Amino acid sequence: MAIDRAEAARIAALAKLELAEDELDAVAVQLSAVLEFVAQLDELGLEPGEATVLAPSGAPLRTDEPDGRTLAPGQATAGAPEAEDGFFLVPPVVENLEP
Amino acid sequence: MTATAPWQRSAREIATAVRAGRLAPAEVAEAGFAGPGARWEREVHAVLAADVSARAVAAAAAPRDRSLAGVPVLVKDNLCTVDHPTTCGSRILEGWRSPYDATVVRRLREAGAVLVGKGNMDEFAMGSSTEFSAYGPTRNPHDLTRVPGGSSGGPAAAVAYGLVPIALGSDTGGSVRQPAAFCGVYGLKPTYGRLSRYGLVAFGSSLDQVGVFARHVGDVAAVYEALAGPDPFDASSRCGAPPDVRDWTAGVRGLRFGWPENLWREGVDGAIVAALERAASSLERAGAIRVPFEFLPGRYAVATYYLLATAEASSNLARFDGVRYGLRHRAADLGELYSGTRGRGFGPEVRRRILLGTYALSSGYHDQYYGKASAARTRIAAEYRAAFGHGDFMLLPATPTLPFRLGEKTGDPLAMYLSDVFTLGANLAGIPGLSVPMGLEPGGLPVGVQLLGPADSEPVLLRAARAIEMDGEPARIASAEEREPAWPGSR
Amino acid sequence: MAWEPVIGLECHVQLRTRTKMFCGCPVAFGSEPNTNVCPVCLGLPGALPRTNAAAVAHALRLGAALGCRLREHSVFARKNYFYPDMPKNYQVSQYDRPLCEGGALSVTVEGAARAVRLTRIHLEEDAGKSFHPERHGDRRLSRVDFNRAGVPLLELVTEPVLRSPEECALFLSALRRLVRWLGLSDGDMEKGQLRCDANVSLRTPGTARLGTKTEIKNLNSIKAVERGLRAEIARQAVLLDAGERVVQATLLYDADQDRLAVMRTKEQAHDYRYFPDPDLPVLEADEAARTHALASLPELPWAREARFRDALGLPAYDAAVLTESRELSEYFEASAPPAHAKLASNWVMNEVLRVLKERSWDVGDWAVRVPAARFADFLGRVAARELPGPVAKQVFSWLPDESGPVSEILARHGVVVASGDDELRPLVRAVMDEQPAAVAQLLAGEEKPFGFLVGQAMKKSGGQAVPEVLRRLLREELAARSPRP
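This structure is a prediction, so every number in the text was calculated from the model and none was measured. (Residues numbered from 1 in each chain as written. Chains lettered and ligands numbered in written order. Predicted model: local features only at pLDDT ≥ 70, side-chain atom pairs only at ≥ 80, totals over all residues.)

Caption draft 1: View of the overall build of chain A. Helix and strand counts for chain A come out as 3 helices and 2 strands. Here chain A holds 99 residues, and 31% of them are scored as buried. (Helix = DSSP H or I, 4+ residues; strand = E, 2+ residues; numbered from the N terminus. Buried ≥ 20, exposed ≤ 12 C-beta atoms within 10 Å, placed from the backbone.)

See below:
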């Protein structure tokens, strides 16, 4: 099996997704099945490459002018789960996570 | 059969009447929700949010002299709207209010359309049946035990049963075309970049396009015309004037259409094959020329899609973290806040796809999965371009099966993915696709076929669909009054 | 054991554009929290980035100034990681096709010019700001402000060619000078407008193989860079001397404690899962744009510094100080009278800079009050010996606070300068008549009384005489009275 329980847990940590214990096994099985399916891409005999870039070039870049879409004061934190004095609030920011 | 009640009319009919002062937008906006519409909605559950005062405000504000004056519209719940919540069918955005309208929503309003509510969908557009909505599934109006398709099941169903004449969905791998076929309505996925994605909550950024549902080809054309065009707020939108679809009635005489019969020799329901033949005959009677050819099997597209779309999605959905908006799982530790919020706020299909996409991009696997899929995408796009050397457009199935039953595929993700085998390719290639309803099969279920064309061939696709529309008998869901009394909820 | 440090720097320059990198929010500082944000830089669902043309132009100019290869097609890529100051939990940056590659920055190390080779320069967006945890009732919470999120950054990476903390300090000073010179940024490290992370390893001198490197972050000033590097070099040396291995890690420097702390080890390193951002087209810098970037460059600081040394004959020290800022160098050059560069340099370096410091002015504040032409007038008079030492200093002190041409100022304050022979010769003769003993000593060959006589003549002139003229006249008179054989 391409993805075992430990690997599923590793990916879940990378993706910041909490999975229940019993879910880990099911997810490992399902992902393995999908990976097995996608392996048939090897039949095309292609080297890893870049996709055709669909986003078209040729459009001019944005000029360095304010565009009037800045939110009104208070709007940013209006729907926030936790905010105070205009700041968003989160549990302590531990330096370990900082890139 | 002539439709007389406002909710049964076409968008163009409504707009004409409103412009002439014969109909009031408020009246039309409410009509879909009253009487039969209310009964339908209770069973079908196409709508996630429909605020009566919001639509009254919208109706009052709608300009009366534009192309879609007074036309009620439902938009999929992954399009941002200021007057209704935007949940993307997920708990993680339950009740969330966007401070801005998506560009396509803004253009609809500027064209006079009245937003009456938000349509149900598979969570974050990940699904092919609308069964993965956190707010309950939508049912197929033609058979309430079956799915309407997905992920834009709500908008498709709402057009099918007549709540609204037009609706907007989104199509990343077939999420407009497949539910259109399942519900018996037209569903257009435009050329990538022709409709702005600003305000469409991203799933697979290089694949997503806003799509149009309607019961008439002319309505599809009218909405496309109102919405298409570059948007300075979407850097991936195509610059330059969009294709001109005003000649959608010009016919198909002399046009050639590709007929990739190898794709449906096996594994496609007989009713769909029969519908393909009927569509081809309609086109030939209208003067088009059928050109059989052999095309690349869809399984490569499925594999490619499920690596690229999930990779992009894993990144696009990272912003849902409980910090700035939406659901938050309270925790003393930041890591727990992230994982707890996302683990609880996302449903199982979304979690699966995020994991798959994360894996495909991760160190050590990046080349093997994301890299190979990217190269495969280039090849698939080239195959489509070559295919259009055979014809100005292509006729093929929209789906391999008729609408399946609720619960039939939810246990097998791979089986669900394979139902997109005929639609995914267009997203990978960035080309337009149009689902054309071909009536009901003997069991009463809608059957649809699909037209695909090269980039910017929307005018050709609409002309071809029109030729079929004029020749055949496209499905139209009967109003509650017109159906047999056995319909649950009547009398 | 003498180890050779091998250091590479990764610098971030915050650009001074009007709006952010990918949205039209203004770049402003000191605003109320979360008031300079929009759906894009706040990472709201459905928002999309749009590239700022001015930021790209700035990047091309910096690349051109440093002799980089400017890429015609570069790609924006997503760098994926979760952090509360990241609105999208990915940063739009550039990965394997950056805008600029190669190039070098010229740094003067111990009088010699060294070209510090660069690897690349690319564009990216800044994150918001999170603050230290504080007490909130019975919980501890951190505040987050996204005003800074999305501000354009240039990331500049050097090859591992720096060999000492001092060299790094010089490099940063030179970089700071350059970005200010080109108007890209104010480059103030304390304000986070110029940031620096360092990678350092040690190896046996004369070998080519690189040792294991560590990364040092949180270096918030040029001094911190020097001290942090010194501390880490010392730490690694101790390990290697003891025969132990250096473990690859990321370290945080604490400036207050002058200490390093391990932030994370290699095992905990992020997997950024870079991939091209599908929301943004390939960034095109066509031939015209690249040519224009090069053509639009002003005389660059090191070139001007060299010209001041070679063409104007200024000492290296003066040339360096005067080219510390573009405004200062331009002011100097515009006000220096021909053939009196050194004089002008002295006045600018010693007097003008002193006033700037005292009054917390920048060059512009001074120049608006003392335009170059006016200062040139003043300096011209000094050069022509019309304003002797103390008088000149006095007149200088009036310049920034009073308006009008120098001649008016002199008249207004009754500054009369006596420099004519007809005016001064009688005074000199009078003094010689009054001091026969001193005159006799001088005629006998002694030199000591010379200064005394000049001083007396100066007193007689009420301090208005030009000393050089007095001296010359005195010599002439002495020569005239010399006994002929």
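Additional details are given in the paragraphs that follow.
Caption draft 2: Main features of the overall build of chain C. A tally of helices and strands in chain C yields 16 helices and 18 strands. Its C-alpha atoms give chain C a radius of gyration of 31 Å, more than 25% over the compact-globule value 23 Å for 485 residues. Dimensions along the principal axes, computed over C-alpha positions, put chain C at roughly 100 × 60 × 55 Å. The contacts in chain C between residues at least 6 apart in sequence include a share of 69% that link residues at least 24 apart. (Rg over C-alpha atoms; globule rule 2.2 N^0.38 Å. Contact = placed C-beta atoms within 7 Å.)

Caption draft 3: Fine view of the sheet that holds strand β17 (residues 275–276) of chain C. Residues and elements named next belong to chain C. Here we have 3 strands laid out as an open sheet, ordered β5-β4-β17, and antiparallel in their pairing. The sheet is open, and its two edges are formed by β5 (90–94) and β17, each paired on a single side. Here strand β4 (residues 76–80) runs beside β5; their pairing, made up of 5 bridges, is antiparallel. Looking across to β5, one finds that Arg 78 is bridged to Val 92. (Pairing = 2+ DSSP bridges.)

Caption draft 4: Layout of the packing of helix α2 (residues 21–38) of chain A against helix α12 (residues 348–361) of chain B. Where α2 of chain A meets α12 of chain B, the closest approach of the two axes is 11 Å, and the angle between their N-to-C directions is 55 degrees. Overall, the two elements α2 of chain A and α12 of chain B adopt an arrangement that is oblique. α2 of chain A and α12 of chain B meet at a crossing whose hand is right-handed. Listed contacts from α12 of chain B to Val 27, Gln 30, Leu 31 and Val 34 of chain A of α2 of chain A are Arg 352, Leu 355, Leu 356 and Tyr 359 of chain B. (Axes fitted to C-alpha atoms, helices over the stretch in contact; angles between N-to-C directions. Parallel < 35°, antiparallel > 145°, perpendicular 65-115°, else oblique. Left-handed = near helix turned anticlockwise from the far one by under 90°.)

Caption draft 5: Here's a closer look at the interface of chain A and chain B. The interface is formed by 43 residues belonging to chain A together with 54 residues belonging to chain B. Going through the elements one at a time, α1 (5–14), α2 and β2 (87–90) of chain A are the ones with two or more residues in the side of chain A that touches chain B. For the side of chain A that touches chain B, the element with the highest residue contribution is α2 of chain A, accounting for 7 residues. Looking at the side of chain A that touches chain B residue by residue, the class counts come to 31 nonpolar, 7 polar and 5 charged. (Nonpolar A, V, L, I, M, F, W, Y, C, P; charged D, E, K, R; others polar.)

Caption draft 6: Structural context of the sheet that holds strand β9 (residues 393–397) of chain B. Residue and element names in this part refer to chain B. In space, the 11 strands of this open sheet follow the order β1-β3-β2-β4-β6-β5-β10-β11-β9-β7-β8, with mixed pairing throughout. Each edge of the sheet is formed by a strand with only one pairing partner; in this case those strands are β1 (47–49) and β8 (289–292). Pairs of neighbouring strands in the sheet enclose a mean axial angle of 30 degrees, with direction left out of account. Of the strand pairs in this sheet, strand β2 (residues 72–76) and strand β3 (residues 114–119) are connected by 5 bridges, and their pairing is parallel. Note on β3: the bridge partner recorded for Val 75 is Lys 118. Across the sheet, helix α6 (residues 153–161) touches β1, β2, β3, β4 (166–171), β5 (186–189) and β6 (209–214), and the angle it forms with β4 is around 155 degrees. Helix α16 (residues 458–471) rests against β5, β7 (256–259), β9, β10 (433–440) and β11 (446–452) of the sheet, and its axis sits at about 10 degrees to β10.

Caption draft 7: A look at the pairing of β4 of chain B. Residues and elements named next belong to chain B. For β4, a buried count of 6 out of 6 residues is recorded, marking the element as mostly surrounded by other parts of the structure. Neither face of β4 is exposed, since Ile 166, Leu 168 and Ser 170 on one face and Ala 167, Gly 169 and Asp 171 on the opposite face are all buried. Relative to β6, β4 runs antiparallel, the two sharing 6 bridges. Note on β6: the bridge partner recorded for Gly 169 is Gly 211.

Caption draft 8: Spatial organisation of the pairing of β4 of chain C. Burial within β4 of chain C is extensive, with 5 of its 5 residues counted as buried. Side-chain alternation along β4 of chain C places Phe 76, Arg 78 and Asn 80 of chain C on one buried face and Ala 77 and Lys 79 of chain C on a second face that is also buried.

Caption draft 9: How the structure looks around helix α15 (residues 449–460) of chain C. Residues and elements named next belong to chain C. Taking 1.5 Å of rise per residue, the 12 residues of α15 would be expected to cover 16 Å, and the 17 Å separating its terminal C-alpha atoms lies within 8% of that figure. For α15, every residue scored as buried is listed here: Leu 453, Gln 456, Ala 457 and Met 458. Among the structural elements, α13 (421–434), α14 (436–443) and α16 (467–481) are those in contact with the buried residues of α15. Phi turns positive, to about 70 degrees, at Gly 462, one or two residues after α15. (Expected span 1.5 Å × (residues − 1).)

Caption draft 10: Fine view of the interface of chain A and chain C. With 32 residues of chain A in contact, the opposing surface of chain C contributes 42 residues. Classifying every residue of the side of chain A that touches chain C by side-chain character gives 18 nonpolar, 6 polar and 8 charged. Pairing analysis gives 3 bridges linking β2 of chain A to strand β11 (residues 139–145) of chain C, with the strands arranged antiparallel. Paired with Leu 89 of chain A across the strands is Arg 143 of chain C, a residue of β11 of chain C.

Caption draft 11: Summary view of unusual backbone geometry. Omega for the bond connecting Gly 150 of chain B with Ser 151 of chain B falls within 30 degrees of zero, at 10 degrees, which places this linkage in the cis form. Structurally, the position occupied by Ser 151 of chain B is in the loop between β3 and α6. The phi dihedral of His 45 of chain B falls on the positive side, at around 55 degrees, and the residue is not glycine. Examined against the element boundaries, His 45 of chain B turns out to sit in the loop between α3 (36–44) and β1. One non-glycine residue with positive phi stands out, namely Arg 385 of chain C, at about 65 degrees.

Caption draft 12: Geometry of the domain arrangement of chain C. As assigned here, chain C comprises domain 1 (4–292), domain 2 (298–412) and domain 3 (421–481). One C-alpha centre belongs to domain 2 of chain C, the other to domain 3 of chain C; they are set 33 Å apart. (Domains from an automatic or database assignment.)

Caption draft 13: Inspection of the packing of α1 of chain A against α2 of chain A at higher detail. Residues and elements named next belong to chain A. It is at 9 Å that the axes of α1 and α2 come closest, and there the two elements cross at 95 degrees. Considering the angle they form, α1 stands roughly perpendicular to α2. Two secondary-structure elements touch here, α1 through Arg 5, Ala 8 and Ala 9 and α2 through Leu 24, Asp 25, Val 27, Ala 28 and Leu 31. Among the residues forming the contact of α1 with α2, the class breakdown is 6 nonpolar, no polar and 2 charged.

Caption draft 14: Region of the structure containing the nonpolar core. Residues and elements named next belong to chain B. Counting residues in hydrophobic clusters, the biggest one holds 263 residues, and the most contacted among them are Val 73, Ile 166, Tyr 186, Phe 213 and Ala 464. Sort the elements by how many residues they give to this core and helix α10 (residues 299–316) lands first, with 11 residues. Among all residues touching Ala 464, those that are not within four sequence positions of it are Val 252, Phe 257, Leu 283, Phe 393 and Leu 451. (Core = buried A, V, L, I, M, F, W, Y, C linked by C-beta atoms within 7 Å.)

Caption draft 15: Representation of the confidence of the model for chain C. A residue-level look at chain C finds 99% of positions with pLDDT of 70 or above and a mean pLDDT of 92. For this predicted complex, the interface score ipTM comes out at 0.94, alongside a pTM of 0.91. (pLDDT = per-residue confidence, 0-100.)

Caption draft 16: The arrangement of the environment of Gly 184 of chain B in detail. All names here are of chain B. Considering the arrangement of structural elements, one finds Gly 184 in the loop between α7 (177–183) and β5. When the 28 C-beta atoms within 10 Å are taken as the criterion, Gly 184 is described as buried. Counting along the chain gives 31 residues from Gly 184 to Arg 215, while the straight-line C-alpha distance between them is 8.3 Å.

Caption draft 17: Spotlight on the environment of Leu 200 of chain B. Position of Leu 200 of chain B relative to the elements: it lies in the loop between β5 and β6. You can call Leu 200 of chain B buried: it has 29 C-beta atoms within 10 Å. Taking the C-alpha atoms as reference points, Leu 200 of chain B and Thr 410 of chain B, 210 residues apart in sequence, are found 26 Å from one another. With residues up to four places along the chain from it excluded, the contact list for Leu 200 of chain B reads Asn 78, Leu 79, Ala 102, Ser 170, Asp 208 and Val 210 of chain B together with Gly 46 of chain C.

Caption draft 18: Fine view of the environment of Ala 293 of chain C. Residue and element names in this part refer to chain C. Relative to the elements of secondary structure, Ala 293 occurs in helix α4 (residues 287–295). On the basis of neighbour counts, which here come to 22 C-beta atoms within 10 Å, the residue Ala 293 falls in the buried class. Each residue touching Ala 293, except ones within four places of it in the same chain, is listed here: Leu 60, Arg 61, Ala 64 and Leu 70.

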